[in-house]
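Letter by letter, the chains look like this.
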Amino acid sequence: MRYYSIIFFSLFTFHVSLAQKKPLDHTVYDSWQSIGERMISNDGKWVVYTINVQEGDNELVIQSATADARYKKLFPRGYNAVISEDSRFAIFKIKPSYKDIREARIKKKKPDEMPKDSLAVVELGKDSVYKVYKVKNFKIPEKGFGWVAYHLEKKPEPEKPKQPAADGNKKIIDSLKRTIDSLLVIVNLPPAKMGKKTKIGEGKDDNEEMVTDSYDSYDPLLNSYELDAEGDDPATPAGPEGTDLVLRNLLTGEEKVFPVVSEYYFDKYGKKLLLETTRSAKDSLSQVSVVLVDLGNMQKKTIITGGNDLKNYSFSEDGSQLAFVAERNAKPKDLQKFYKLWYYKDGMDTASMIADKNSVGMKIGMTVSEFGATSFSKSGKRLFFGTAPIQAPRDTTLVEFENAKLDIWHYKDDYLQTVQLSRLQRDLQENFLAVYDINEHTIKQLGSKELPTVYQTNEGDGETFVGVTDFGKRIESQWKGTTLKDIYAINVADGSKKLVTKDLHGIITPQYVSPTGKYIMWYDRKAKNYFVYDNKGIRNITSKIKVPLWNEEYDSPDYPPPYGVMGWEKDDAAIYIYDRFDIWKIGMGGAGSLTNLTMGNGRKSKRRYRYQVTDPEKRFFVSDENVLLRSFNESTKSGGLADIRMDQTFFKDYTLSEINYSFGQLTSKRYRTFLYTKENFKESPDLYLCDPLPTYDISDPTKIQSIRANEIKLSSINPQQKNYNWGTAELFKWKAYNGKATEGIVYKPEDFDPKKKYPLICYFYETLSDGLYTYHPPSPTPSRLNISFFVSRGYVVLVPDIHYGTGHPARDAYNHIVSGARALVKKGFIDSTRMGLQGQSWGGIQVAQVITMTKLFKAAWAGAPVANMTSAYGGIRWESGVNRQFQYEKTQSRIGATLWEKPNLYIENSPLFHLPKVTTPLVIMANDADGAVPWYQGIELFTAMRRLNKKVWMLTYNGEAHNLVERRNRKDIQLRQQQFFDWLLKGDIPAKWITEGVPAVKKGKEWGLDY
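Residues numbered from 1 in each chain as written. Predicted model: local features only at pLDDT ≥ 70, side-chain atom pairs only at ≥ 80, totals over all residues. Heavy atoms only, no water.

**Student:** Explain empty space enclosed by the protein to me, using residue names and the numbers behind them.
**Tutor:** With the rule as written, the count across this model stands at two cavities of 30 Å³ or more. Roughly 30 Å³ of internal volume is contained in the second largest cavity. What lines the second largest cavity is simply A864, P865, A926, N927, D930, V933, P934, W935, Q937 and G938. For the lining of the second largest cavity, the residue count by class is six nonpolar, three polar and one charged. (1 Å grid on protein atoms, 1.4 Å probe; cavity = no way out; pocket = protein on both sides within 12 Å on 5 of 7 lines; lining within 4 Å. Points joined across faces, edges and corners; volume = space filled by probe spheres on them. Nonpolar A, V, L, I, M, F, W, Y, C, P; charged D, E, K, R; others polar.)

**Student:** Account for helix α13 (residues 935–947), with residues named and values stated.
**Tutor:** With 13 residues, α13 should cover 18 Å at 1.5 Å per step; its first-to-last C-alpha distance of 19 Å lies within 8% of that length. Three or more residues of α13 are buried, namely Q937, G938, L941, A944 and M945. Taken end-on, α13 shows its buried residues confined to a sector of 135°, consistent with a single buried face. Facing away from the buried side of α13, by more than 90 degrees, are the exposed residues R946 and R947. For α13, the elements touching its buried residues are α9 (842–850), α10 (869–872), β54 (922–925) and β55 (952–955). Where α13 ends, the next residue or the one after it, N949, has phi of about 60°, a positive value. (Helix = DSSP H or I, 4+ residues; strand = E, 2+ residues; numbered from the N terminus. Expected span 1.5 Å × (residues − 1). Buried < 20%, exposed > 50% of the residue type's maximum accessible area, 1.4 Å probe, protein only. Arc of directions from axis to C-beta. Contact = heavy atoms within 4.5 Å.)

**Student:** Residues and numbers for the side chain of R525, please.
**Tutor:** Tracing the sequence through the fold places R525 in the loop between β30 (520–524) and β31 (529–533). Of note is the side chain of R525, whose polar atom sits 2.3 Å from the backbone oxygen of Y559. (Polar contact = N/O pair within 3.5 Å; in protein donor to acceptor, adjacent residues only side chain to side chain.)

**Student:** So what about the packing of aromatic side chains? Which residues, and what values?
**Tutor:** Enumeration according to the criterion identifies 38 aromatic pairs in this entry. When the centroid spacing of 6.5 Å and the interplanar angle of 50° are considered together, the rings of Y343 and F376 count as tilted. Note that Y343 is positioned in strand β18 (residues 340–345) and F376 in strand β21 (residues 375–376), a separation of 33 residues in sequence. Judged by relative accessible area, which is 1%, Y343 ranks as buried. Ring geometry for Y676 against Y688: centres 6.1 Å apart, planes inclined by 10°, an arrangement best described as stacked. Here Y676 is found in strand β43 (residues 673–679), whereas its partner Y688 is found in strand β44 (residues 686–690), with 12 residues between them in sequence. (Phe/Tyr/Trp six-rings, centres within 6.5 Å; stacked < 30°, edge-to-face > 60°.)

**Student:** Run through the packing of helix α8 (residues 809–825) against α9, naming residues and quoting values.
**Tutor:** Close contact between α8 and α9 brings their axes to 9 Å; oriented N to C, the two are set at 80°. Taken together, the axis directions place α8 and α9 in an arrangement best described as roughly perpendicular. For the pair α8 and α9, contact is made by P809, A810, A813, Y814, I817 and V818 and by W842, Q846, Q849 and V850, respectively. Grouping the constituent residues of the contact of α8 with α9 by class yields eight nonpolar, two polar and no charged. (Axes fitted to C-alpha atoms, helices over the stretch in contact; angles between N-to-C directions. Parallel < 35°, antiparallel > 145°, perpendicular 65-115°, else oblique.)

Structure follows, in structure tokens:
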């Protein structure tokens, strides 16, 4: 009997050992999956999505939108997909294999020799695939169907006979030489982008650079008919020769090839195809030209020939009009080049020049900007374009090596020299909105240097536009972080401006302006209310709302921002505004009616309701429609969906908000059918389809079904996770040292045993508990703690929320972090002698602060910390060039005073001044190209601790940013972070970089990761 007992015990032990899940290691990262692109067809019957891996080859999936997925096809390396408007075709690109690209990079292949993408066309529901190799990009009409155009790569050049080796004495000396202006080490500006502005972005290659202006005022203008489109040969050398463009009829399979094409665009509804062609090396008489192809009869019409640079094409809504800018006359040595605005309309023989620097209505000293996009109003009656000051030609009499190189900082400059250098490219391309009236043939200048931002209304056809400016008020952004704004009403007909309000400390965006332009609304942060101007006067429209419309939890020393705007009702009848939980409808007529659209359910149940966009082109709401809302339960941290009728005859918050999940991006072509990802800490964000959203009987809302009954799971990513010890996430609540209740997240290993003692790592950054149901894939992170990795390997992780007052952020951090750690120790499963800290940026400075205030922690890791607020206060954020003063006075650092007003607070909150108290070993990450926290802050912290004989290490990733960008560096820091915490919190043998370091003479040869 004893013999059988032994056999049984042995077999049981063997079975348990086999079933034991293994901990995550650093080899799992590359293959871990996520959902990338996702889309649903207009008819709701087809779904296309990609399953991406962190490094390697992805997969594109096409499947029918049904529970049994009767049709499902997988395409290795597919990406950049679109579904045609008629829901019949999926078009996408296919990348070369990761292996091939890697090998080509190792061999340092030239761009033309690198592996190229392919194009694939799939008729949905069919098995056949049409594939074309070496495709640069493709496009389909935005709203039309039946066509795809794809641009082929350059054909390989025939091999040339090898030339004899050059004389060794003619080698280039000092090929790496470069001139460095002051500050240019940090701000390396790229050359001005001269590419074409792409209006239709469907099917754009991810690697293709699309040049657009980042300004609010960027649309172009026109003038009067003068010149025809016939021109001489280009005066300047031709650019790269175009390549073949293929137009494919998706319905018939017929194709037509157009040679030497450099740019191409469909009009919105797919009635026309625009081609820009270059000169051909095989035809000495060929010229640059712009050709329009009528897709109805395939007839071609050349509308302009000749020119040096043509760009910024745009069609009118119906496709009958076309505009672009062109420079056609400059010679190679000309020091100035002038662009002109060109216009074409159906029925014209050729395009005509309608605006240049000499046109009536063009301001003196201004010209048509090459960087200003062109666009038509919805009706096609107006054409918008950009103008810019004429730049003086470069003085060629000056000898460059005889002139000084310097930056002159002046106290009256709008921006510091560092900011000016950072935004130099933007400033060189700055242009101002002008409008050309198609019928009247007149130009009106709407924007200017003094009024750079212009918001259009009524899709460009409004009578009144809105101008916003901070001109003359920019200096104080150095210490305030924002500027005061003046708002103007612009009469589009005559270009006149009327001041609406002055010195606004608040918010106005295009969404705040009513669709027709009848009302201009803004939020005043001082007054904590919304105001409206209606061409008669200004009135407060929210004074009767008794709950805060501003951020109730805002804890920075400035006026709080608002929760924002949902949108406008049709005909500008009402505006919908958010408070913390609910949505308010405010009538614009008369006294202004006031309605809580969500009936107060949000505040009662602690749920936030926010509108979920299902139609990106939606401009306003109508009273008898249903809209979809997202919900978020602040108490449980669960996400959900709600369905509401705008006339309040129905409101339903579905049970999704009770099932402990977080919801990702929602995608929909039809309101009641949509895609979304659903996740929690245990479950990857898989893709789901809701089809359709349950219907209801308004007379009896209790008949509503649960939305879960119609939920279809489409993907099942990361099946390998079941083989690993994962973890759990739970909300943890305790009382901080300031006496207030607070909360955070506790992550525990999947095989957690409450009778054991676990090492603890505290990770923090302000408030993170709303992410309770966020999935954390094992991934080499840019800087934060790799939570799932450490939990899998037997750590407990605490993520405490930190709430701040003004003036004492170090104390506030201590009150929450230390109180949370000690509260968790009282639960009995944390080893209080094995606790560590990890934080990045603002979290990094708090790590450095806390270890000066307690000996509780045995290991600490601070990424990009500020050591000394007194020196950082006047420093520069090199990425943007802005001064750091505003951070300390008004935002995250929360000091709330200048260095001269309260120097004691700057010293109190700077770990540098308290380092003699530190007993905790610390690793600092401070990168030499950090654009947010100056690198020297890490150096100050390191050299001080080294002087004090404290245990300290600093990792500086060369050329890296505030958060690591390069994957190789991300992988490296994960290894080192594990080695550091395992050494101090688990008793493992320390790696060589910890015990010996890595001398500079061994840099690139040894990494110190071995033991």
